[in-house]
Amino acid sequence: MVSPERVTEVAAVLQHLTRWARRRVDVRALALVGSWAHGTPHQDSDVDVVLLTGAPEHYVHRDDWTPDLGGVRLVRTLEWGAVTERRFAVRSGLEIDLGVGTPAWASVDPVDSGTRRVVSDGMRVLHDPDGLLTLLAARLQGRP
């Protein structure tokens, strides 16, 4: 069971991230994935977000952009193949797992098995000016 306060907090975090992404010309896609995307979070579930950019090194190797996220502290950075996890925590203890990758993560020819698993488990598109995630979701649902 997730408290109403946590639901409100996650909604505010996602709204803030979406506004932030829309202001950044190098952010080509942003999506909520994981338990919050497929409607099965627990009170201590982290917020899993995929960020696709043509300049992932900026978001992986630099931290000058993190103050724009609003009151987060970096917990860790881990390589996961096509994406690099930047895990942040907010004051309440809520953790945000930002998976940073290139637009190639959303490639549909062919769809990477890891990407397929993540998207099939649930994805909510937050920012997609190039239609990358929309096309990916459609292909995985068998639509052209």
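Caption draft 1: Region of the structure containing the pairing of strand β3 (residues 73–80). In this sheet, strand β4 (residues 83–89) lies alongside β3 in antiparallel orientation, the contact comprising 7 bridges. When the sheet's bridge partners are listed, Trp80 is paired in β4 with Val83. In this antiparallel pair of consecutive strands, β3 and β4, the connection spans 2 residues, and Gly81 shows a positive phi of 75°.

Caption draft 2: The packing of aromatic side chains, seen in detail. By the definition in use, this model includes 4 aromatic pairs. Plain terms: the ring middles of Trp20 and Tyr59 are 5.9 Å apart, the flat faces sit at 85° to each other, and that makes the pair edge-to-face. Of this pair, Trp20 sits in helix α1 (residues 4–23) while Tyr59 sits in helix α2 (residues 56–61); the two residues are 39 residues apart in sequence, bridging distant segments of the chain. Residue classification places Tyr59 among the buried positions, given a relative accessible area of 0%. Aromatic side chains Trp20 and Trp65 sit 5.7 Å apart centroid to centroid with 35° between the ring planes, which places their arrangement in the tilted category. In this pair, Trp20 sits in helix α1 while Trp65 sits in the loop between α2 and β3, placing the two residues 45 residues apart along the sequence. In this structure, Trp20 and Trp65 share a single accessibility class: buried. These aromatic residues form a ring-pair network of at least three members: Trp20, Tyr59, Trp65 and Phe88.

Caption draft 3: Main features of the sheet that holds strand β1 (residues 27–33). Read across the sheet, 6 strands follow the order β3-β4-β5-β2-β1-β6 without closing on themselves; strand pairing throughout is mixed. Because the sheet does not close on itself, it has two edges, and the strands there are β3 and β6 (123–127). For this sheet the average axis-to-axis angle between neighbouring strands, irrespective of direction, equals 25°. In terms of strand pairing, β1 meets β6 through 4 bridges, oriented antiparallel. What sits directly across from Ala31, in β6, is Val125.

Caption draft 4: Quick peek at α1. With 20 residues, α1 should cover 28 Å at 1.5 Å per step; its first-to-last C-alpha distance of 29 Å lies within 8% of that length. Among all positions of α1, only Arg6, Val10, Val13, Leu14, Leu17, Thr18, Trp20 and Ala21 are buried. All buried residues of α1 fall inside an arc of 165° around its axis, so they share one side. Of the exposed residues in α1, the ones pointing more than 90 degrees away from its buried face are Pro4, Glu5, Thr8, Arg22 and Arg23. Considering only its buried residues, α1 is in contact with β1, β2 (47–53), α2, β5 (95–101) and β6.

Caption draft 5: Structural context of the nonpolar core. Trp20, Leu30, Val47, Val49, Leu51 and Leu98 are the most contacted members of the largest nonpolar core, which totals 26 residues. For this core, the elements supplying multiple residues, two or more each, are α1, β1, β2, α2 and β5. Tallying contributions element by element places α1 first for this core, with 6 residues. Setting aside chain neighbours within four positions, we find Trp20 in contact with Val27, Leu51, Tyr59, Trp65, Asp68 and Leu69. In terms of nonpolar packing, the next biggest core, distinct from the first, is built from 14 residues, Ala31, Val111, Val119 and Met123 among them.

Definitions and limits used
Residues numbered from 1 in each chain as written. Predicted model: local features only at pLDDT ≥ 70, side-chain atom pairs only at ≥ 80, totals over all residues. Heavy atoms only, no water. Pairing = 2+ DSSP bridges. Helix = DSSP H or I, 4+ residues; strand = E, 2+ residues; numbered from the N terminus. Phe/Tyr/Trp six-rings, centres within 6.5 Å; stacked < 30°, edge-to-face > 60°. Buried < 20%, exposed > 50% of the residue type's maximum accessible area, 1.4 Å probe, protein only. Axes fitted to C-alpha atoms, helices over the stretch in contact; angles between N-to-C directions. Expected span 1.5 Å × (residues − 1). Arc of directions from axis to C-beta. Contact = heavy atoms within 4.5 Å. Core = buried A, V, L, I, M, F, W, Y, C linked by side-chain atoms within 4.5 Å.

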